[in-house]
Amino acid sequence: MLAWLAYLTVAVVWGSTYFAIALGLESFTPYGLVAARFSLASVLALAMGRLRREPWPPAREVGHLMIVGALLLGGANALVSWAELHVSSGLAAVLAALVPLWLAVFSMAKQPLGPKGWMGLLLGLAGVCVLVWPSGGTRVHMGGLAALVAAPIIWSWGTLHGKHFVHGGGLLTNVGIQMATAAAIGLTVAPLAGGFLRGPLTHKAVGAAVYLALFGSMLAFSAYVYLAKAWPPAKMGTYAYLNPVVAVLLGGLILHEPFGPRQVLGMGVILGAVALVQLRPATPAAAKG
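Parameters and conventions
- Residues numbered from 1 in each chain as written.
- Predicted model: local features only at pLDDT ≥ 70, side-chain atom pairs only at ≥ 80, totals over all residues.
- Heavy atoms only, no water.
- Helix = DSSP H or I, 4+ residues; strand = E, 2+ residues; numbered from the N terminus.
- Rg over C-alpha atoms; globule rule 2.2 N^0.38 Å.
- Buried < 20%, exposed > 50% of the residue type's maximum accessible area, 1.4 Å probe, protein only.
- Contact = heavy atoms within 4.5 Å.
- Areas by Shrake-Rupley, 256 points an atom, 1.4 Å probe, with all protein chains shown as cover.
- Lys, Arg positive; Asp, Glu negative; His and termini not counted.
- Charge placed at Lys NZ, Arg CZ, Asp CG, Glu CD.
- pLDDT = per-residue confidence, 0-100.
- Core = buried A, V, L, I, M, F, W, Y, C linked by side-chain atoms within 4.5 Å.
- Polar contact = N/O pair within 3.5 Å; in protein donor to acceptor, adjacent residues only side chain to side chain.

Asker: What exactly am I supposed to notice about the overall build of the chain here?
Answerer: For the chain, the helix and strand inventory stands at 13 helices and zero strands. For the chain, the α and β elements follow one another from N to C terminus as α-α-α-α-α-α-α-α-α-α-α-α-α. Radius of gyration (C-alpha) of the chain: 18 Å, near the 19 Å computed for a compact globule of 289 residues. In terms of overall dimensions, the chain has C-alpha extents of about 50 × 45 × 30 Å along its principal axes. Out of the 289 residues belonging to the chain, those deemed buried represent 51%. Considering only intrachain contacts with a sequence separation of at least 6, the fraction spanning at least 24 residues in the chain is 92%. Split by element, the accessible area of the chain, about 13,000 Å² in all, is 74% carbon and sulfur. Side-chain charges of the chain comprise 16 positive and 5 negative groups, with the mean position of each set lying 11 Å from the other.

Following this line, the structure appears as structure tokens:
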């Protein structure tokens, strides 16, 4: 049940972060936003880890935690933030949905998906495209597109690196080390890449940064790190297909964005795809892993 709660947390909370990033970028530069959200989140995570008297990770694993933090948060997350300056959050959600495909590719030697698993992953990606693909013939910024193609590869590789090389330490302490690494990257890179702010600091942007720190980072990233240990990579990665569903539902209910037959069809396809991956029978190799 704890793994399913973590899965739902990642699916729901990260479904709202594309919009929150867009709000934050009204005032912050991409690496300014990385620095702000992960500085706050890392301090809170490490403090809570101390209050819970969590064990520190072995010294040999601290470097691996920093690598994971640099890849996932200082790399992939920053690329998504930068890309949202140039492309729609819907397109960002589509290409972020490549995470389970890359997780499956990188881990298929040890945990084969089988025909139903691959069918589910491809069907899920098609459903996301139906749900949020931009319409109206809008030109896509090629730099933003390249960043969104690279981000899922970096994220998936970093996730598996942590799964293979990090086994000790408390959850919040490990998450805090990873987020502190990302905060250090943001604080270092931001002055070299346009500064911390790109416009006047607004209440909406500050609120978005705080939301991203508390919910997108502290809560959902902690749940993601736990889930990466508890579930096989491809199964865990299907959260990326549910994020755009949440984003569209929130947009329709709160922002009164369009919600019509295409959205209903896309969500139906996505939910069916998730069921294919989640409920498929385990292959012998996967059962041993």
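Asker: How do you make sense of the confidence of the model for the chain when you look at a structure like this?
Answerer: Any region with low pLDDT has predicted coordinates that should not be read closely. Per-residue confidence for the chain gives a mean pLDDT of 85, with 91% of residues at or over 70. Confidence drops under a pLDDT of 50 for residues 284-289, and excluding neighbours within four residues, the segment shows five contacts in the predicted structure.

Asker: What's the story with the nonpolar core in this structure? I'm lost.
Answerer: For soluble globular proteins, the rule of thumb is that nonpolar side chains tend to be buried together. Membership of the largest hydrophobic core comes to 69 residues, with the highest contact counts inside it found for Trp 155, Met 179, Phe 221, Tyr 224, Tyr 239 and Tyr 241. With nine residues, helix H9 (residues 203-230) is the single largest residue contributor to this core. Those residues within four positions of Met 179 in sequence are excluded, and the remaining contacts are Phe 38, Ala 41, Ser 42, Ala 45, Leu 73, Ser 217, Met 218 and Phe 221. Listed in part, the eight residues of the second largest apolar core include Leu 25, Leu 33, Ala 209 and Leu 212.

Asker: Even after reading the chapter, I still don't get the environment of Ile 154, so can you show me in this structure?
Answerer: Looking at the element boundaries, Ile 154 is found in helix H7 (residues 142-165). Considering only alpha carbons, one finds Ile 154 and Ala 109, 45 residues apart in sequence, at a separation of 19 Å. Other than its neighbours up to four places away in sequence, Ile 154 contacts Leu 71, Leu 72, Ala 76 and Leu 79.

Asker: Before we go on, may I ask you to explain the side chain of Asn 243 in this structure?
Answerer: Tracing the sequence through the fold places Asn 243 in helix H11 (residues 239-254). A polar contact is formed between the side chain of Asn 243 and the backbone oxygen of Ala 11, at a distance of 2.8 Å. If near-sequence neighbours (up to four positions away) are discounted, Asn 243 is found in contact with Val 10, Ala 11, Trp 14, Gly 15 and Tyr 18.

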